[in-house]
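An overview of the molecular structure
Now for the letters of each chain:
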Amino acid sequence: MARSRTPYESDAAFETRLRKRISKLILFSTAALVALLFGFPMYFMAVSAFKAEAEILSTPFNWLPQEFVGLYHFESAFERAPIGQWYFNSVFIAAVQVTAAIFFGAMAGYGFAKFHFRGKRILFALILSIMAVPFQILLIPLYVEIRQFGWHNSYAGLIVPGLLSAFAVFMMRQFALSIPDELLDSARIDGASEFRIFVYIALPLLAPASASLAIILFLGSWNNFLWPLVVAQDRNLWTLPVGMTVFSQPYRGEPSVGPSMAVSTLATLPVALLFVFFQRYFIEGMMVSGIKG
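Attention here is on the structure that accompanies the text.

**Regarding the nonpolar core**
- With 46 residues, the main nonpolar core has Trp86, Ile102, Met172, Leu206 and Leu213 as its most contacted residues.
- It is helix H4 (residues 83–114) that provides the largest number of residues to this core, a total of 10 residues.
- Counting residues in hydrophobic clusters, the runner-up holds 7 residues, among them Phe44, Met45, Ala49 and Ile56.

This is the structure we're talking about:
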């Protein structure tokens, strides 16, 4: 609530303070409305996982389960399909790809930011151009290459193409530009090798960027549907996006809305937890990567 006007406050000062409060109220109301619009599907999904099948699509919508079924839909989902195996595949693939992409991206980005060599600008421009090429264009040549290596329908075929990321190189280079050259020179004077400087000095300073990049890369790997669909023919090699697409279809004529909501809730949980714990680094990473030249 806005405070009343003080006796010593001028008309201009009072109007300025009032406008600021109105602006803050409008911004807060807009943010709350946007949060509600984006958050309602998540709430509907999570609540529906604990509702009876007939109640999920009932009208009017019940904000809380009238008939709480506990973990019935979760148990039903695990009985119908190898959800645990799909979950493991998604976690394993995402963990390996994120770890490798951050390390190699940091190494390449640090090299572009702190070393001078012939063709540096051209090479960096080529890396940036890769970011402009849609993955669908690279799908067929990449698939042919994977088959030539004998990695079709294997973990190697699912993981290897995601071990390097042009975006990771770009983002780490933006952060590495802010590392003081004097700090690196002092380490060289003390006799540290370049790799030791990178591991013990540069890499810890790139921790905020690594946390931010980890969320972005994890989201990309976790939600990746097209590549696992093409490479993995074995049902036990499917990731959650591929498995959920098949699982959400009618199962022998039985209704499957509740189990589908349960599986969707489990698939969303790691992403939500990751963002909650690393949101400060994520926001900082987005701000810094956008203003560094």
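Here the narrative resumes, following the displayed structure.
**Points about the pattern of salt bridges**
- On inspection of all chains with the given rule, the structure shows 3 salt bridges.
- The shortest N-O distance in the salt bridge between Asp185 and Arg188 comes to 2.9 Å. Of the two residues, Asp185 and Arg188 are both situated in helix H9 (residues 181–189); the distance of 3 residues between them amounts to about one turn of the helix.
- A relative accessible area of 28% means that Arg188 is categorised as partly exposed.
- Where Arg188 meets Glu194, a salt bridge forms, and the shortest distance between an N and an O atom there is 2.6 Å.
- Classification of Glu194 as partly exposed rests on a relative accessible area of 33%.
- Within the structure, one salt-bridge network assembled from shared partners comprises Asp185, Arg188 and Glu194.

**Digging into the environment of Met172**
- By secondary structure assignment, the location of Met172 is in helix H8 (residues 166–176).
- In this structure the C-alpha to C-alpha distance between Met172 and Leu206, which are 34 residues apart in sequence, comes to 7.5 Å.
- Apart from residues no more than four positions distant in its own chain, Met172 is found in contact with Ile102, Gly105, Ala106, Gly109, Leu206, Ala209, Ser210 and Leu213.

**A closer look at unusual backbone geometry**
- Backbone geometry places Asn153, a non-glycine residue, at a positive phi of 60°.
- Locating Asn153 in the fold gives a position in the loop between helix H6 (135–148) and helix H7 (155–159).
- A relative accessible area of 29% means that Asn153 is categorised as partly exposed.

**Notes on the packing of aromatic side chains**
- Counted according to the given criterion, the structure contains 17 aromatic pairs.
- A centroid spacing of 5.6 Å and a plane angle of 80° characterise the contact between Tyr87 and Trp222, whose relative ring orientation is edge-to-face. Taken together, the residues span a long stretch of sequence, with Tyr87 in helix H4 and Trp222 in helix H11 (residues 207–222) at a distance of 135 residues.
- Ring centres of Phe149 and Trp151 lie 4.9 Å apart, and the angle between their planes is 20°; on these two criteria the pair is classed as stacked.
- In textbook terms, an aromatic cluster arises when at least three aromatic residues are bridged by ring pairs, as seen for Phe103, Phe104, Tyr110, Phe115, Phe195 and Phe198.
- One Lys or Arg, Arg173, reaches over the ring of Phe124 and ends 4.7 Å from the middle of that ring.

**Some remarks on a nonpolar patch on the surface**
- There is a patch of nonpolar side chains on the surface, built from Leu33, Val34, Leu36, Leu37 and Phe38 and spanning about 540 Å² of accessible area.
- Position of Phe38 among the secondary structure elements: in helix H1 (residues 11–48).

What counts, and where the lines are drawn
- Within each chain, residue numbers correspond to sequence positions counted from 1 in written order.
- For a predicted model such as this one, the threshold for reporting local features is a pLDDT of at least 70, and the threshold for listing and counting side-chain atom pairs is 80 or more; totals across whole chains, interfaces and linings nevertheless cover every residue.
- Side-chain numbers here rest on the full set of heavy atoms in the structure, without hydrogens or water.
- By convention a nonpolar core is built from buried Ala, Val, Leu, Ile, Met, Phe, Trp, Tyr and Cys residues, the set being connected through side-chain atoms within 4.5 Å.
- Residue burial is assigned from relative accessible area. The probe radius is 1.4 Å, only protein chains are included, and a residue is buried under 20% of its type maximum, exposed over 50%, and partly exposed in between.
- Numbering of helices and strands runs from the N terminus; a helix is a DSSP stretch of H or I covering at least four residues, while a strand is a stretch of E covering at least two.
- Each salt bridge in this description consists of a side-chain nitrogen of Lys or Arg and a carboxyl oxygen of Asp or Glu lying within 4 Å of one another.
- Contacts were defined at the residue level, with two residues in contact if any of their heavy atoms lie within 4.5 Å.
- Any Phe, Tyr or Trp ring, taking Trp's six-membered ring, that has another such ring centre within 6.5 Å forms a pair; planes under 30 degrees apart are called stacked, those over 60 apart edge-to-face, and the others tilted.
- Geometrically, a charge over a ring is one whose NZ (Lys) or CZ (Arg) sits within 6 Å of the ring centre while staying within 35 degrees of the ring normal.
- Surface patches are defined over residues having more than 30% relative accessible area and no salt bridge, joining like charges when they lie within 9 Å and nonpolar side chains (Val, Leu, Ile, Met, Phe, Trp, Tyr) when within 5 Å.
- Computed with a 1.4 Å probe, the accessible areas rest on the Shrake-Rupley method; for each residue, only the protein chains presented here act as cover.

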